[in-house]
Amino acid sequence: MSDPNAPQSQDALPPIQILIIPVTSFQQNCSLVWSPETKKGAVVDPGGDVPLILKAIEEHGVDVEKIVLTHGHIDHVGGAADLAEALKVPVEGPHEADRVLIERVKDQARQFGLSDVKPVEPDRWLVEGDTMEMAGRSFEVFHCPGHAPGHVVFFDRELRLAISGDVLFAGSVGRTDLPGGDHDTLIASIKTKLLPLGDDVSFLPGHGPASTIGRERENNPFLR
């Protein structure tokens with residue numbers, strides 16, 4: 001994950017660039033992902049603060065082709081409907097097991113004292129084994145329930161990069177005390193889907209700093 005502001009020669013362009021845009025009081029890692037060669041990209045998990053996201057898109061000159069969702073919690077989907085309407089782009093993900101969460105996003109918003117949040121209807125629900133194109137790259141889709149029933153993780157096998165949402169964090173794992181959460185299911189998702197990807201894989205979580213599978217396998221207290 002390179003610095004999007006760093007100067008690059010035409011011959012040294014990285015295959016992908018990711019700008020983290022922390023949004024709302026949840027400080028959720030909304031991600032602007034794009035190809036530095038074509039400037040085509042996507043927004044992952046626009047949880048809110050849509051004007052801030054639109055400003056980043058404009059500043060970096062990204063041609064956003066889609067919005068991508070890892071799961072249906074308010075801090076990840078709260079701004080999806082408004083952003084999709086503003087950009088006139090489709091929404092892909094999560095797994096349809098999160099349909100109820102997304103349909104009840106207004107109820108989620110009220111629980112946290114938020115208002116003016118609209119439910120979004122994904123144009124494409126994702127399932128295990130799908131591929132999802134983003135920023136000119138092909139990402140494999142893994143269904144990883146536990147934090148949310150329909151949570152998905154995106155993995156670029158060539159770049160050894162995963163976008164993990166709220167499944168796995170640096171030093172922690174996703175909370176499971178929300179509706180549809182289950183701790184044993186979450187740990188099984190991590191151990192059967194993410195850890196086998198390899199210790200060299202870097203992952204970008206939905207909150208906090210990036211890490212690697214190897215670092216978490218060794219140090220994460222929830223995985224010991």
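Residues numbered from 1 in each chain as written. Predicted model: local features only at pLDDT ≥ 70, side-chain atom pairs only at ≥ 80, totals over all residues. Heavy atoms only, no water.

(A) Region of the structure containing the packing of aromatic side chains. Under the criterion given, the structure shown has 1 aromatic pair. Ring geometry for F142 against F155: centres 6.4 Å apart, planes inclined by 55°, an arrangement best described as tilted. Here the residue F142 occupies a position in strand β7 (residues 137-143), and F155 occupies one in strand β8 (residues 152-156), the gap between them amounting to 13 residues. Judged by its relative accessible area of 11%, F142 falls in the buried class. (Phe/Tyr/Trp six-rings, centres within 6.5 Å; stacked < 30°, edge-to-face > 60°. Helix = DSSP H or I, 4+ residues; strand = E, 2+ residues; numbered from the N terminus. Buried < 20%, exposed > 50% of the residue type's maximum accessible area, 1.4 Å probe, protein only.)

(B) A look at the pattern of salt bridges. Summed over all chains, the structure comprises 17 salt bridges. Taking the shortest distance from any N to any O, the salt bridge between D63 and K40 comes out at 3.0 Å. Of the two residues, D63 is situated in strand β4 (residues 63-68) and K40 in strand β3 (residues 40-44); the sequence distance between them amounts to 23 residues. Across the pair R217 and D199 runs a salt bridge whose closest N-O atoms are separated by 2.7 Å. You can see R217 sitting in helix α7 (residues 213-219) and its partner D199 sitting in the loop between α6 (183-194) and β12 (202-205), a full 18 residues away along the chain. (Salt bridge = Lys/Arg side-chain N within 4 Å of Asp/Glu carboxyl O.)

(C) Quick look at the nonpolar core. One finds I21, L32, V43 and I53 to be the most contacted residues of the largest nonpolar core, which totals 29 residues. When contributions to this core are tallied by element, the ones reaching two or more residues are β1 (17-23), β2 (28-34), α1 (50-60), β4, α2 (74-77), α3 (80-87) and α5 (105-111). Non-local contacts of I53, meaning those with residues more than four positions away in its chain, are made with I21, V23, C30, V43, P46, G48 and L83. Listed in part, the 18 residues of the second largest apolar core include F142, A162, I190 and L195. (Core = buried A, V, L, I, M, F, W, Y, C linked by side-chain atoms within 4.5 Å. Contact = heavy atoms within 4.5 Å.)

(D) Main features of the pairing of β3. Taking burial as the measure, the 5 residues of β3 include 4 buried ones, the bulk of the element. As paired strands, β2 and β3 are joined by 4 bridges and run antiparallel to one another. Bridge pairing in β3 places V33 opposite A42. Remark: 5 residues form the turn of the hairpin made by β2 and β3, two consecutive strands paired antiparallel; K39 in that turn has positive phi of roughly 70°. Across 5 bridges, β3 lies against β4 in parallel orientation. Residue pairing across strands places V44 opposite V68, the latter belonging to β4. In this view, the connection linking β3 to its parallel neighbour β4 by way of α1 has right-handed handedness. (Pairing = 2+ DSSP bridges. Right-handed = clockwise from strand over helix to strand, strands pointing away.)

(E) Main features of the sheet that holds β4. The 5 strands are arranged β1-β2-β3-β4-β5 in an open sheet whose pairing can be described as mixed. Because the sheet does not close on itself, it has two edges, and the strands there are β1 and β5 (91-92). Sheet analysis places β4 next to β5, joined by 2 bridges and oriented parallel. Its bridge partner being in β5, V68 is matched across the sheet by E92.

(F) Empty space enclosed by the protein, seen in detail. Taken as a whole and assessed by the stated rule, the structure comprises 1 cavity of 30 Å³ or more. Taken together, Q28, N29, V44, D45, I163, G165, L204, P205 and G206 make up the full set of residues lining the largest cavity. Going through the elements one at a time, β2, β9 (161-165) and β12 are the ones with two or more residues in the lining of the largest cavity. (1 Å grid on protein atoms, 1.4 Å probe; cavity = no way out; pocket = protein on both sides within 12 Å on 5 of 7 lines; lining within 4 Å. Points joined across faces, edges and corners; volume = space filled by probe spheres on them.)

(G) Representation of unusual backbone geometry within the structure. Backbone torsion omega between G93 and P94 reads -5°, so that peptide bond is classified as cis. Within the secondary structure, P94 is located in the loop between β5 and α4 (99-103). In the Ramachandran plot, K88 falls in the positive-phi region, its phi being about 55° despite a non-glycine side chain. Of note, K88 is situated in the loop between α3 and β5.

By themselves, these figures tell us nothing about what the structure is for.
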